[in-house]
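Fold and contact review
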Amino acid sequence: MGVIDGLTDRFGRSKVRIATQGVDNTWMLKSDFKSPCYTTRIDEIQKVYVR
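It should be emphasised that the depicted structure is a prediction, and the values quoted were computed from it without experimental measurement.

About the thresholds
- Residues numbered from 1 in each chain as written.
- Predicted model: local features only at pLDDT ≥ 70, side-chain atom pairs only at ≥ 80, totals over all residues.
- Heavy atoms only, no water.
- Helix = DSSP H or I, 4+ residues; strand = E, 2+ residues; numbered from the N terminus.
- Buried < 20%, exposed > 50% of the residue type's maximum accessible area, 1.4 Å probe, protein only.
- Areas by Shrake-Rupley, 256 points an atom, 1.4 Å probe, with all protein chains shown as cover.
- Patch = residues over 30% accessible without salt bridge, like charges linked within 9 Å, V, L, I, M, F, W, Y side chains within 5 Å.
- Salt bridge = Lys/Arg side-chain N within 4 Å of Asp/Glu carboxyl O.

Things to note about the overall build of the protein
In terms of regular secondary structure, the protein is built from 1 helix and 0 strands. Within the protein, buried positions represent 0% of all 51 residues. Working note: accessible area of the protein is about 5700 Å², and carbon and sulfur atoms make up 55% of it.

Quick look at the structure:
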């Protein structure tokens, strides 16, 4: 908090924010194509590969 206070003093109010401040929560998850069985059918579990 000391660092944030210092940055606020240097750059002014509302220039430095915590990660959750000012987040617009108007978006919604688009789940139009999701199966209603996505938690119960093993063959519909999504796979993610990391390289």
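Concerning a nonpolar patch on the surface
On the surface, V3, L7 and F11 cluster together into a nonpolar patch covering about 280 Å² of accessible area. Among the secondary structure elements, F11 is positioned in helix α1 (residues 2–11).

As for the environment of L7
Its place among the elements puts L7 in helix α1. The sequence separation of L7 and R17 amounts to 10 residues, and the corresponding C-alpha distance is 10.0 Å.

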